[in-house]
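Chain by chain, the residues:
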Amino acid sequence: MSNTTFTMIKPDATSKGYTGAILDQIIKGGFSIKAMKWTKLTKEQAGAFYEVHKERPFYGELVDFMSSGPIVAAILEKENAVADFRTLIGATNPAEAAEGTIRKNFAASIGENAVHGSDSDENAAIEGNFFFSRLERF
Ligand code: DAT
Ligand code: MG
């Protein structure tokens with residue numbers, strides 16, 4: 001089992017000024033930051049990142065949203081990182097997310113849900129490599 005996962009703070013959360021509070025909750029949740037950047041995706045880049053969802057009905061909406069404003073991308077380290085981070089962020093739909101989770105605290109809707117978290121060790125590696133070169137992590 002790998003000890004890293006990948007996250008993004010999404011455009012809804014950066015635009016509402018939640019970046020600092022979300023990073024605080026991530027760090028207090030026991031994760032350390034291995035790499036981090038503030039950036040903005042083009043539609044093409046957002047489309048490539050979410051390629052696995054391209055057949056789903058919300059794909060166009062998702063790509064438009066994820067390229068609509070700045071994001072923070074980060075590689076996080078903790079024992080059991082992928083599963084523990086999914087627990088910390090809560091369910092995809094914030095209405096169903098547990099009390100105290102990041103999505104419960106900061107997300108407005110299923111489509112604009114504040115944060116991304118990798119769903120497997122394999123995808124954590126793919127997603128981290130999408131944003132960060134070897135020189136940008138330690
Ligand atoms: P998660 O981000 O919890 O891993 P996912 O991988 O199923 O969820 O979907 C990726 C993103 O797509 C999700 O964070 C928000 C958007 N999304 C998922 N289901 C949706 C829906 N039913 N309507 C609108 N957007 C949706
Ligand atoms: Mg997912």
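Residues numbered from 1 in each chain as written. Chains lettered and ligands numbered in written order. Predicted model: local features only at pLDDT ≥ 70, side-chain atom pairs only at ≥ 80, totals over all residues.

### With respect to the overall build of the chain
Here's step 1: When helices and strands are counted, the chain shows seven helices and four strands.
Here's step 2: Tracing the chain from N to C terminus, the helices and strands come up as β-α-α-β-α-α-β-α-α-β-α.
Here's step 3: Whereas a compact globule of 138 residues would reach a radius of gyration of roughly 14 Å, the chain reaches 14 Å, a difference of no more than 12%.
Here's step 4: With respect to the three principal axes, the spread of C-alpha positions in the chain is 35 × 35 × 25 Å.
Here's step 5: Within the chain, the proportion of its 138 residues that are buried is 34%. (Helix = DSSP H or I, 4+ residues; strand = E, 2+ residues; numbered from the N terminus. Rg over C-alpha atoms; globule rule 2.2 N^0.38 Å. Buried ≥ 20, exposed ≤ 12 C-beta atoms within 10 Å, placed from the backbone.)

### Overview of the sheet that holds strand E4 (residues 115-117)
Here's step 1: Spatial strand order, E2-E3-E1-E4: four strands in an open sheet with antiparallel pairing. Both edges of this open sheet fall to strand E2 (32-39) and E4, since each of them pairs with a single strand only. Each strand axis lies, on average, 15° off the axis of its neighbour in the sheet, ignoring direction.
Here's step 2: Bridge count between strand E1 (residues 4-9) and E4: three bridges; the pairing is antiparallel. In the strand pairing of E4, Ile-9 is matched with Val-115.
Here's step 3: Across the sheet, helix H7 (residues 121-131) is in contact with E1, E2 and strand E3 (71-77); its angle to E1 comes to roughly 55°. (Pairing = 2+ DSSP bridges. Axes fitted to C-alpha atoms, helices over the stretch in contact; angles between N-to-C directions. Contact = placed C-beta atoms within 7 Å.)

### Re H7
Here's step 1: Listing the buried residues of H7 in full gives Ala-124, Glu-127, Gly-128 and Phe-131. One side of H7 holds all its buried residues, which, seen down the axis, span an arc of 100°. More than 90 degrees from the buried face of H7, the exposed residues found are Glu-122 and Phe-130.
Here's step 2: Close packing links the buried residues of H7 with E1, E2, E3 and helix H5 (81-89). (Arc of directions from axis to C-beta.)

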